[in-house]
Amino acid sequence: MEVIIRPDRLSAVDLTVRLIEKRLRDKPDLVLGLATGRTMEAVYAGLVASGVSFARCRTFNLDEYIGLPATNPNSYAHYMHTHLFSKVDIDPANTHLPYGMAPDLKLAAREYEDRIAAAGGIDLQLLGIGQAGHIGFNEPLSALMSRTRDKSLTPATRQQNAGMFGGDAQAVPSRALTMGVGTILEARELLLLACGAAKAGVIASAVEGPLTSRVSASAIQLHPSCKVVLDDDAAAELTGREYYDFVFSNEPEWAEFREETDR
Ligand code: F6R
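Residues numbered from 1 in each chain as written. Predicted model: local features only at pLDDT ≥ 70, side-chain atom pairs only at ≥ 80, totals over all residues. Heavy atoms only, no water.

*Asks:* Even after reading the chapter, I still don't get the packing of aromatic side chains, so can you show me in this structure?
*Replies:* Any aromatic ring pair is given by two values, namely how distant the centres are and how the planes are angled relative to each other. Tallied over the full model, the rule gives ten aromatic pairs. For the ring pair Tyr65 and Phe165, a centre distance of 5.6 Å and an interplane angle of 85° mean the geometry is edge-to-face. You can see Tyr65 sitting in strand E4 (residues 63–65) and its partner Phe165 sitting in the loop between helix H5 (155–160) and strand E8 (175–178), a full 100 residues away along the chain. There is no split in this pair, since Tyr65 and Phe165 are both buried. When the centroid spacing of 6.0 Å and the interplanar angle of 15° are considered together, the rings of Tyr76 and Phe137 count as stacked. Separated by 61 residues along the polypeptide, Tyr76 in helix H3 (residues 76–83) and Phe137 in the loop between strand E6 (124–127) and strand E7 (149–152) bring together distant segments of the chain. When its relative accessible area of 5% is taken as the criterion, Tyr76 is described as buried. (Phe/Tyr/Trp six-rings, centres within 6.5 Å; stacked < 30°, edge-to-face > 60°. Helix = DSSP H or I, 4+ residues; strand = E, 2+ residues; numbered from the N terminus. Buried < 20%, exposed > 50% of the residue type's maximum accessible area, 1.4 Å probe, protein only.)

Structure follows, in structure tokens:
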């Protein structure tokens with residue numbers, strides 16, 4: 001795992017955008033795993049502004065609420081359309097989200113896994129992190145080998161997402177269809193972005209704490225190619241910062257990003 005700490009949210013987002021953009025330019029038919037949520041809005045705005053082509057890219061989102069049709073403004077299908085898909089040259093047929101309206105959710109979950117496999121697996125999976133430590137909607141005690149399935153959301157997650165539902169946590173659907181932790185770990189590369197002081201505790205647990213299903217994001221420690229991009233506030237509780245900064249300043253892979261972000 002590599003931890004890259006930037007001085008503020010803007011530069012953390014900027015570095016994340018540049019990394020995704022580079023992967024897309026290097027491999028135009030990239031299979032890209034996508035996340036939703038507040039943190040990602042600026043990433044999608046940055047990708048749109050970059051002008052990078054998504055014409056051959058295929059995307060798979062991490063999750064979708066159960067019971068919200070794509071026409072519902074709070075569905076993740078609607079979110080993706082608004083923030084990214086309607087603004088870039090992606091072929092809608094190449095965009096995939098778990099189908100939270102499926103009459104048979106177990107079948108829909110299996111079919112989603114099949115679609116990822118048929119695309120050759122995910123090259124780069126973008127991740128946020130919830131205050132309960134989730135990646136996707138893998139709430140505490142999600143098996144570290146779990147696959148796409150329906151999951152009940154914790155009260156903490158419904159509270160965290162209430163802002164998009166008029167501030168009413170009860171209005172947030174209680175269940176979601178989500179890629180499993182095991183599904184996420186099969187992506188060839190992981191890129192987790194977290195910003196803000198509210199994420200500092202959970203980032204310290206995920207990055208430096210023990211591997212535990214109580215914090216599903218701690219599973220990223222198992223991944224051979226994982227980057228965690230943070231702003232100063234989200235990094236506040238990390239103890240190994242000096243070393244992480246040293247790596248970022250010295251690894252040849254980061255040279256072009258150091259120059260661009262330090263401009
Ligand atoms: C959403 C998802 C979630 C979010 C996480 C952070 O697709 O996978 O894990 O990334 O809840 O959300 P924000 O960015 O709103 O704090």
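*Asks:* Even after reading the chapter, I still don't get the site of the ligand, so can you show me in this structure?
*Replies:* Near the ligand there are 14 residues, and of these Thr36, Thr39, Asp63, His134 and Lys199 occur at the shortest range. Residue Arg38 places a main-chain N or O atom 2.8 Å away from an oxygen atom belonging to the ligand. At a separation of 2.7 Å, an oxygen atom of the ligand approaches a polar side-chain atom of Lys199. When isolated, the ligand has an accessible area of 410 Å², and the protein chains bury 95% of it. Class assignment for the residues of the shell around the ligand results in three nonpolar, eight polar and three charged. (Near = heavy atom within 4 Å. Polar contact = N/O pair within 3.5 Å; in protein donor to acceptor, adjacent residues only side chain to side chain. Areas by Shrake-Rupley, 256 points an atom, 1.4 Å probe, with all protein chains shown as cover. Nonpolar A, V, L, I, M, F, W, Y, C, P; charged D, E, K, R; others polar.)

*Asks:* Help me understand the pairing of strand E2 (residues 31–34) in this model?
*Replies:* Side chains of E2 alternate between two faces, with Val31 and Gly33 and Leu32 and Leu34 buried alike. One ladder, built from four bridges, connects E2 with strand E3 (residues 58–61); its direction is parallel. Bridge pairing links Leu34 to Asn61 in E3. Since E2 and E3 lie parallel, the crossover through helix H2 (residues 38–50) that links them has a hand, and here it is right-handed. Here E2 runs beside E6; their pairing, made up of two bridges, is parallel. Looking at E6, one finds that Gly33 is bridged to Gln125. (Pairing = 2+ DSSP bridges. Right-handed = clockwise from strand over helix to strand, strands pointing away.)

*Asks:* Even after reading the chapter, I still don't get the environment of Leu19, so can you show me in this structure?
*Replies:* Residue placement: Leu19 occurs in helix H1 (residues 9–26). Leu19 sits 108 residues away from Leu127 along the chain, and the two C-alpha atoms are 13 Å apart. Apart from the residues lying within four places of it in its own chain, the contact partners of Leu19 are Leu191, Lys227, Trp254 and Phe257. (Contact = heavy atoms within 4.5 Å.)

*Asks:* Could you clarify how one ought to interpret the pattern of salt bridges in this entry?
*Replies:* Side chains carrying opposite charge are able to pair once their charged atoms draw close together. Tallied over the entire structure, the rule returns 16 salt bridges. A salt bridge links Asp150 to Lys106; the nearest nitrogen and oxygen atoms lie 3.7 Å apart. Here Lys106 lies in helix H4 (residues 105–118) and Asp150 lies in strand E7, a separation of 44 residues in the sequence. Among the salt bridges present, the one from Arg147 reaches Glu186, with a minimum N-O distance of 2.9 Å. With Arg147 in the loop between E6 and E7 and Glu186 in the loop between helix H6 (181–185) and strand E9 (189–194), this residue pair connects regions lying 39 residues apart in the sequence. Taking relative accessible area as the criterion, Arg147 reaches 33% and is therefore assigned partly exposed. If you follow the salt bridges from partner to partner, you end up with Arg23, Glu189, Lys227 and Glu253 in one network. (Salt bridge = Lys/Arg side-chain N within 4 Å of Asp/Glu carboxyl O.)

By themselves these figures say nothing about function.
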